[in-house]
Amino acid sequence: MESVKAAIVYYSSTGTNYQLARWAEEGAKAAGAEVKVLKVPEIAPPEAIESNAAWKAHHEATKEVPEVTVDDLVWADAIVFSVPTRFGNVPGQVKQFIDTTGGAWAKGKLANKAVSAMTSAQNPHGGQEQTILQLYTTMYHWGAIIAAPGYTGEAVFAAGGNPYGTSVTVDQDGKMKENVEEAVKHQAKRTVAVAKAIKSGMQ
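Residues numbered from 1 in each chain as written. Predicted model: local features only at pLDDT ≥ 70, side-chain atom pairs only at ≥ 80, totals over all residues. Heavy atoms only, no water.

1. Concerning the side chain of Thr-131
Worth spelling out the cut-off: The way it works is that DSSP assigns letters per residue, a run of H or I at least four long becomes a helix, a run of E at least two long becomes a strand, and they are numbered from the N terminus. For the exposure calls, accessible area comes from a 1.4 Å probe over protein chains only, and a residue counts as buried if that area is under 20% of its type's maximum, exposed if over 50%, partly exposed in between. We call two N or O atoms a polar contact when they sit within 3.5 Å, provided that within protein one can donate a hydrogen and the other can accept it, with sequence-adjacent residues counted only if both atoms are side-chain atoms. Only heavy atoms matter for contacts: two residues are in contact if any of them lie within 4.5 Å across the pair.
Structurally, Thr-131 is set in helix 7 (residues 128-142). Of the residues examined, Thr-131 reaches a relative accessible area of 1% and is grouped as buried. A polar contact is formed between the side chain of Thr-131 and the backbone oxygen of Gly-127, at a distance of 2.8 Å. Setting aside chain neighbours within four positions, we find Thr-131 in contact with Val-83, Pro-84, Thr-85, Arg-86, Gly-88, Asn-89, Val-90 and Thr-119.

Structural data, given as structure tokens:
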């Protein structure tokens with residue numbers, strides 16, 4: 001069987017979810033996957049980005065990261081999303097991209113993908129779990145298979161114990177409060193493993 005193809009899709013304004021995506025890339029590669037790290041297109045106006053030094057710096061630093069397309073989702077067997085929470089939901093940038101997947105969904109091209117998600121917020125109860133669940137609602141419509149981490153490894157507990165997907169709290173200076181690196185890698189490896197099982201079973 002050919003290797004599992006994994007798309008790590010992220011949106012990040014100041015860098016937290018970009019870092020999570022890079023850790024997920026490491027985990028997916030360690031599990032033997034062919035990996036693409038892809039960013040959700042930025043739709044915020046330039047003046048908004050310019051008004052925030054950290055946002056501007058991250059925007060400039062990641063210019064070379066390719067933007068995700070629907071074709072990337074069709075290509076992938078496993079998809080890991082890394083997005084911040086916005087009022088208990090996904091950022092508008094992510095929703096806008098998801099809303100372009102209708103054509104692929106209608107043709108059944110997003111079904112049977114192994115999908116999981118991770119997130120960040122400024123507060124431990126700032127909508128982290130809800131954001132992941134909101135994203136999974138869309139995945140159910142796709143017919144995707146949710147590969148949540150559950151409580152399948154010690155890394156999950158060490159990172160705060162979110163069974164829906166790794167989540168991290170970020171302080172005012174943009175620093176992560178919890179050590180979630182191993183949890184992210186564990187989640188990515190699990191998603192690839194589930195994708196491999198689906199792919200093998202359908203051949």
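2. A closer look at the environment of Asn-17
Relative to the elements of secondary structure, Asn-17 occurs in helix 1 (residues 16-30). Note: C-alpha distance between Asn-17 and Lys-189 (172 residues apart in sequence) is 18 Å. If sequence neighbours within four positions are ignored, Asn-17 has contacts with Tyr-10, Tyr-11, Ser-12, Ser-82, Val-83, Pro-84, Met-118, Thr-119 and Ser-120. Here Ser-120 takes part through its side chain, which lies 2.8 Å from a polar atom of the side chain of Asn-17.

3. Some remarks on the layout of surface pockets
Selection rule: A 1.4 Å probe that fits but cannot get out identifies a cavity on a 1 Å grid over protein atoms alone, an open set with protein on both sides within 12 Å along at least five of seven lines counts as a pocket, and a residue lines either if it has an atom within 4 Å of a point. Grid points are joined across faces, edges and corners, and a volume is the space filled by probe spheres set on the points. Side-chain classes follow a simple rule in which Ala, Val, Leu, Ile, Met, Phe, Trp, Tyr, Cys and Pro form the nonpolar group, Asp, Glu, Lys and Arg form the charged group, and the remainder, Gly included, forms the polar group.
When its volume is computed, the largest pocket comes out at roughly 530 Å³. Taken together, 21 residues form the lining of the largest pocket, with Ser-13, Thr-14, Pro-84, Arg-86 and Gln-122 sitting closest to its centre. Of all the secondary-structure elements, those providing two or more residues to the lining of the largest pocket are helix 1 and strand 4 (114-121). Among the residues forming the lining of the largest pocket, the class breakdown is 6 nonpolar, 12 polar and 3 charged.

4. Thoughts on the packing of helix 1 against helix 9 (residues 181-201)
For clarity, the threshold we go by: Lines are fitted to the C-alpha atoms to define the axes, a helix being fitted only along its stretch in contact, and any angle between axes, read from their N-to-C directions, falls within 0 to 180 degrees. For classification purposes, angles smaller than 35 degrees are called roughly parallel, those larger than 145 roughly antiparallel, those between 65 and 115 roughly perpendicular, and all remaining angles oblique. The handedness criterion is simple: a crossing whose near helix is rotated anticlockwise from the far helix by less than a right angle is left-handed, and one whose near helix is rotated clockwise is right-handed.
Close contact between helix 1 and helix 9 brings their axes to 7 Å; oriented N to C, the two are set at 50°. One finds that helix 1 runs oblique with respect to helix 9. Helix 9 is crossed by helix 1, and the crossing has right-handed handedness. For the pair helix 1 and helix 9, the contacting residues are Leu-20, Trp-23, Ala-24, Glu-26, Gly-27, Ala-28 and Ala-30 in the first and Glu-181, Val-184, Lys-185, Ala-188, Lys-189 and Val-192 in the second. A class-by-class count of the residues in the contact of helix 1 with helix 9 yields 8 nonpolar, 1 polar and 4 charged.

5. Observations concerning helix 7
What counts, and what does not: Each helix should span, by expectation, one fewer than its residue count multiplied by 1.5 Å. Note that the arc is defined by the directions from the helix axis to the C-beta atoms.
End to end, helix 7 covers 22 Å across 15 residues, agreeing with the expected 21 Å (1.5 Å per residue, within 8%). Of the positions making up helix 7, those classed as buried are Gln-128, Thr-131, Ile-132, Leu-135, Tyr-136, Met-139 and Trp-142. The buried residues of helix 7 occupy an angular sector of 130° when projected down its axis, which confines them to one face. Across from the buried face of helix 7, at angles greater than 90 degrees, the exposed residues are Tyr-140 and His-141. Positive backbone phi, at 85°, marks Gly-143, one or two positions downstream of helix 7.

Geometry only, nothing functional implied.
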